[in-house]
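# Tertiary structure, described
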Amino acid sequence: MADVRLVVVGAGVIGLAVAREAAMRGIETIVLEAGTNIGSETSSRNSEVIHGGIYYAAGSLKALHCLAGRKRLYRYAEERNIPFSRCGKLIVANSEGEDSVLRGLLDRSIKNGLTGDDALRYLNAREVNRLEPNVHAVSALLSPSTGIIDSHSLMLAMQADAEAAGADLVLRSRVDQLVPGAPHTLSGNNDGDEWQLTADNVVVSAGLHSTHLMQGNDWLRPLAPQVRMVKGNYFALSGKSPFRHLVYPVPVEKGLGIHATLDLSGSTRFGPDTEDVVDIDYRVDERRQAVFESSIRRYWPDLPADRLLPAYAGIRPKVQLAGAEADFLIQGPDELATAGLAFLHGIESPGLTASLSLASSVCDRLSLT
Ligand SMILES: Cc1cc2nc3c(=O)[nH]c(=O)nc-3n(C[C@H](O)[C@H](O)[C@H](O)COP(=O)(O)OP(=O)(O)OC[C@H]3O[C@@H](n4cnc5c(N)ncnc54)[C@H](O)[C@@H]3O)c2cc1C
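Residues numbered from 1 in each chain as written. Predicted model: local features only at pLDDT ≥ 70, side-chain atom pairs only at ≥ 80, totals over all residues. Heavy atoms only, no water.

### Points about the pattern of salt bridges
Inspection of the entire model under this criterion finds 19 salt bridges. Here Arg 72 ties to Glu 21 by a salt bridge, and the two come within 3.6 Å at their closest N and O atoms. With a gap of 51 residues between them, Arg 72 in helix 2 (residues 61-79) and Glu 21 in helix 1 (residues 13-24) connect regions that are remote in the sequence. A relative accessible area of 25% places Arg 72 in the partly exposed class. A salt bridge links Asp 118 to Arg 70, with the shortest nitrogen-to-oxygen separation between them at 3.0 Å. In this pair, Asp 118 sits in the loop between helix 3 (96-111) and strand 6 (121-124) while Arg 70 sits in helix 2, placing the two residues 48 residues apart along the sequence. (Salt bridge = Lys/Arg side-chain N within 4 Å of Asp/Glu carboxyl O. Helix = DSSP H or I, 4+ residues; strand = E, 2+ residues; numbered from the N terminus. Buried < 20%, exposed > 50% of the residue type's maximum accessible area, 1.4 Å probe, protein only.)

Structure representation (structure tokens):
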């Protein structure tokens, strides 16, 4: 008999959402987190945007879970008093060429189910100016369902729900090895104390380290996908925000473009940009400021010279299978040919938005009922 029914590896927003869902389904659950706090990696290094679900390829996991997750997230935030704002966002075009990209995004959003109250609105230059007098644009799309959320309060609420339903969270507990079996065996070493635990089910939601436990096992190693790391740097705007909505340029090849997001205190930050990296290093390179300024001035020409400050950076785990756009990758019992095992890879944006939906899907795939 196993020590526990479910072990979740990693207490970022995804691991906490999975633990919450499983515990609330009555499953005995332990969450093992390497760090000294919950959510100290990617889950606290992002834009905190509740995404509408506009950009993703129709039928992709990102499209599916963003839409379903967003609806659940707004409800959850209301129920649990998590600070959020449905502030809306503008995607702005600065040329005829960019305007045709907007029209393509509008089509894509409809295929992804953004209709009715969630539908994007096409705005001409005058309408943009009325909404956001400081924004320069020939046209824009207004996404009314996009918002922002306090991600740390979200994770604390998930942790509280999971613990209230009986789950245990153990910090400073890096899992060093996973041996699949019936049951699965996990082991690690906490400050010299070796430990071992068996579980009927294991969910690995280890963010940037999602393939690490696969590399150490002969059965799992060949199944490990390629995960690239793409850093995103942010610069903060000192002083008052010039915007009331989130303001995005049209997307670029590797990301959404250097956009303006607001936080719940009304401050503005710009980013993230995209930088392929091989090491995890969260320092912001100040030399990027000039590129930020020129990108921002395309839609906010009046950006003063001295108002950007290096802020923070996050790193996206990116999984892109041949011929497809980057997407989430969930390997469950079928893909791994192993009962009771699931790995989540490539949970970049919109992972925060999608978290509650991804958690239900993973628990369903493991038949945790
Ligand atoms: C720059 C950037 C901007 C983003 N903006 C948004 C946004 O605006 N909206 C949105 O919806 N999404 C956004 N995202 C995506 C979102 O932040 C992520 O999808 C989400 O935080 C991923 O959570 P996670 O739990 O998978 O990973 P993480 O938060 O990285 O958590 C993984 C955890 O696993 C732990 N861990 C790793 N290995 C082990 C081990 N062996 N044993 C024990 N513990 C382990 C780590 O310590 C970590 O705490 C953004 C991401 C980035 C990088």
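### Observations concerning the domain arrangement of the protein chain
Each domain of the protein chain was delimited in the assignment, giving domain 1 (4-46 + 152-225 + 322-365) and domain 2 (89-144 + 228-318). Centre-to-centre separation of domain 1 and domain 2, based on C-alpha positions: 31 Å. Between domain 1 and domain 2, the contact holds 12 residues from the first and 13 residues from the second. For the pair domain 1 and domain 2, the summed buried surface comes to about 1100 Å²; carbon and sulfur atoms form 56% of the total. Area buried by domain 1 at its contact with domain 2 is led by Arg 45, Leu 208 and Glu 348, which between them contribute 55% of it. Run the count over domain 1 and domain 2 and you get two salt bridges. Here domain 1 and domain 2 share four residue pairs in polar contact (both at pLDDT 80 or more) between them. (Domains from an automatic or database assignment. Contact = heavy atoms within 4.5 Å. Buried area = accessible area lost by both parts, 1.4 Å probe. Polar contact = N/O pair within 3.5 Å; in protein donor to acceptor, adjacent residues only side chain to side chain.)

### Considering the site of the ligand
Contacts to the ligand come from 37 residues, most closely from Glu 33, Ser 43, Val 49, Ile 347 and Thr 353. At 3.3 Å, a backbone N or O of Val 13 approaches an oxygen atom of the ligand. Ser 43 has a polar side-chain atom sitting 2.5 Å from an oxygen atom of the ligand. Summarising the interface, the protein chains cover 97% of the accessible area of the ligand, which totals 1000 Å² for the free molecule. Elements that contribute at least two residues to the shell around the ligand include exactly helix 1, strand 18 (308-318) and helix 9 (351-365). (Near = heavy atom within 4 Å. Areas by Shrake-Rupley, 256 points an atom, 1.4 Å probe, with all protein chains shown as cover.)

### Some thoughts on unusual backbone geometry
With an omega of 5°, the peptide bond running from Ala 182 to Pro 183 counts as cis. Tracing the chain through its elements places Pro 183 in the loop between strand 10 (177-179) and strand 11 (184-190). With an omega dihedral of 10°, the bond running from Ser 349 to Pro 350 counts as a cis peptide bond. Structurally, Pro 350 is set in the loop between strand 20 (341-345) and helix 9. At Glu 48, a residue that is not glycine, the phi angle is positive and equals roughly 60°. By the secondary structure assignment, Glu 48 is in the loop between strand 2 (29-32) and strand 3 (49-50). Overall, the relative accessible area of 17% leaves Glu 48 in the buried class.

### Here's the deal with the environment of Asp 276
With respect to the helices, strands and loops of the structure, Asp 276 is situated in strand 17 (residues 275-277). Overall, Asp 276 belongs to the partly exposed group, its relative accessible area being 41%. Residues Asp 276 and Pro 333, 57 residues apart in the sequence, show an inter-C-alpha distance of 31 Å. Not counting residues up to four positions away in its chain, the partners in contact with Asp 276 are Arg 228, Met 229, Val 230 and Lys 254.

### Side note on the packing of aromatic side chains
All chains considered together, the criterion is met by six aromatic pairs. Ring geometry for Tyr 55 against Tyr 56: centres 6.3 Å apart, planes inclined by 65°, an arrangement best described as edge-to-face. With a centroid separation of 4.6 Å and 55° between ring planes, the pair formed by Phe 235 and Phe 292 is classed as tilted. One end of the pair, Phe 235, is in strand 13 (residues 228-237); the other, Phe 292, is in helix 7 (residues 289-299), with 57 residues separating them in the sequence. Each member of the pair, Phe 235 as well as Phe 292, is classed as buried. The ring of Tyr 74 is capped by Arg 86, whose NZ or CZ atom sits 3.8 Å from the centre of that ring. Over the aromatic face of Tyr 248 sits the side chain of Lys 89, whose NZ or CZ is 3.6 Å from the ring centroid. (Phe/Tyr/Trp six-rings, centres within 6.5 Å; stacked < 30°, edge-to-face > 60°. Lys NZ or Arg CZ within 6 Å of the ring centre and 35° of its normal.)

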